[in-house]
Amino acid sequence: MNNTYGRLASHVYNLDKYIGKTFGDIDYYRERLLGCRGPILEPAVGNGRALIPLLEAGFDVSGFDASQDMLDYCRAHCTDRGLAPALSRQTFETFTYAQRFNAIVVPAGSLQLIADHGVASAVLTRFFDQLAPGGRLIFDLYPGDMVADLQPNIRSWQTETGDLLTLTSQRVKTDVIGQTTVSHLRYELWQEGRLASSELEFFTMRWWGVQEMMLTLRAVGFADIVVSGDYAFGRVPQDRDHVATFECRRPE
Ligand SMILES: C[S@@+](CC[C@H](N)C(=O)[O-])C[C@H]1O[C@@H](n2cnc3c(N)ncnc32)[C@H](O)[C@@H]1O
């Protein structure tokens, strides 16, 4: 039940964060990857929101995700567009590939879904090992949501068939020492005013300090670390920036 992105959660993600929807990230990643001719990996690829624009820009991108429902959306969107990237069901913690990648990209703050610092460090080491020498890791962290509004929040979407999907989220735990928050995400599907199905997810996130992440990346062995605020490459993140993007390199 923890960060599982089940059937209703994936449906909501696909409606809300449809293919190509950008938080400023898609143009940014596309630009940062210009000139990258080799294979690229997007761990936690989700429904393909970012993957598909990158494939359509001509990049050779593979992806994996822990959620079968998310992968099903991703495969269907790719097939609709005549795209056939390598997609597999794997996790951050155990993924493996025979090939090395020229870049690994993790947009949308997905790394924050790894709650434990030790596990996250091991995942970053796995990224390092899976990169070709000189290859780059680029990912986003969203620092602000740790102190976001703690009130329950309800959102709704109309489905493709005219039903209603609702999401009620409520923060239930904030661990300021462990730097984690847990929210209950209650997804409900309503058909003609009746509850047809529901799903509860525990949504756990880890909140990183910018310097803490830099130290962690250095300890893993990454070099040439650049941190950027709100997708302005090389501009040091400032208070009130929405997103910090890290770019670093496995040394040659
Ligand atoms: C915020 S979505 C990001 C999707 C996509 N990368 C994007 O930019 O829109 C987070 C994704 O992480 C996946 N995920 C969560 N925990 C995971 C894990 N331990 N290993 C692999 N994927 C995981 C979820 O299934 C979900 O698809």
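Before any of the text, the structure's been laid out above.
Residues numbered from 1 in each chain as written. Predicted model: local features only at pLDDT ≥ 70, side-chain atom pairs only at ≥ 80, totals over all residues. Heavy atoms only, no water.

K.L.:
Explain the site of the ligand to me, please; I cannot follow it from the model alone.
P.N.:
By nearness alone, 21 residues border the ligand, and Tyr 13, Glu 42, Ala 44, Arg 49 and Asp 65 come closest of all. Here a nitrogen atom of the ligand and a backbone polar atom of Ala 44 are 2.7 Å apart. Glu 93 is positioned with one of its side-chain polar atoms (N or O) 3.1 Å from a nitrogen atom of the ligand. Summarising the interface, the protein chains cover 94% of the accessible area of the ligand, which totals 600 Å² for the free molecule. Of the residues belonging to the shell around the ligand, the class tally is 11 nonpolar, 6 polar and 4 charged. (Near = heavy atom within 4 Å. Polar contact = N/O pair within 3.5 Å; in protein donor to acceptor, adjacent residues only side chain to side chain. Areas by Shrake-Rupley, 256 points an atom, 1.4 Å probe, with all protein chains shown as cover. Nonpolar A, V, L, I, M, F, W, Y, C, P; charged D, E, K, R; others polar.)

K.L.:
In this structure, what is going on with the side chain of Thr 245? I would like to understand it.
P.N.:
Tracing the chain through its elements places Thr 245 in strand S11 (residues 244–249). Accessibility expressed as a relative area gives 1% for Thr 245, which makes it buried. (Helix = DSSP H or I, 4+ residues; strand = E, 2+ residues; numbered from the N terminus. Buried < 20%, exposed > 50% of the residue type's maximum accessible area, 1.4 Å probe, protein only.)

K.L.:
What is the right way to look at the sheet that holds strand S8 (residues 180–191) in this model?
P.N.:
Within a sheet, neighbouring strands are paired by backbone hydrogen bonds and run either parallel or antiparallel to one another. Spatial strand order, S6-S7-S8-S9: 4 strands in an open sheet with antiparallel pairing. Of all strands in the sheet, those with a lone pairing partner are strand S6 (153–158) and strand S9 (194–206), marking the two edges. Strand-to-strand twist of the sheet, defined as the mean angle between neighbouring strand axes without regard to direction, takes the value 20 degrees. Direction of pairing for strand S7 (residues 164–175) relative to S8: antiparallel, over a ladder of 11 bridges. Across the sheet, the residue bridging to Lys 173 is Val 182, located in S8. (Pairing = 2+ DSSP bridges. Axes fitted to C-alpha atoms, helices over the stretch in contact; angles between N-to-C directions.)

K.L.:
What should I look at first to understand the pattern of salt bridges in this one?
P.N.:
Close approach of charged atoms allows side chains with opposite charge to pair. Under the defined criterion, the tally for this structure stands at 11 salt bridges. Members of the salt-bridge network, linked through shared partners, are Asp 16, Lys 17 and Arg 155. (Salt bridge = Lys/Arg side-chain N within 4 Å of Asp/Glu carboxyl O.)

In short, the description is geometric, and any link to function would need to be established separately.
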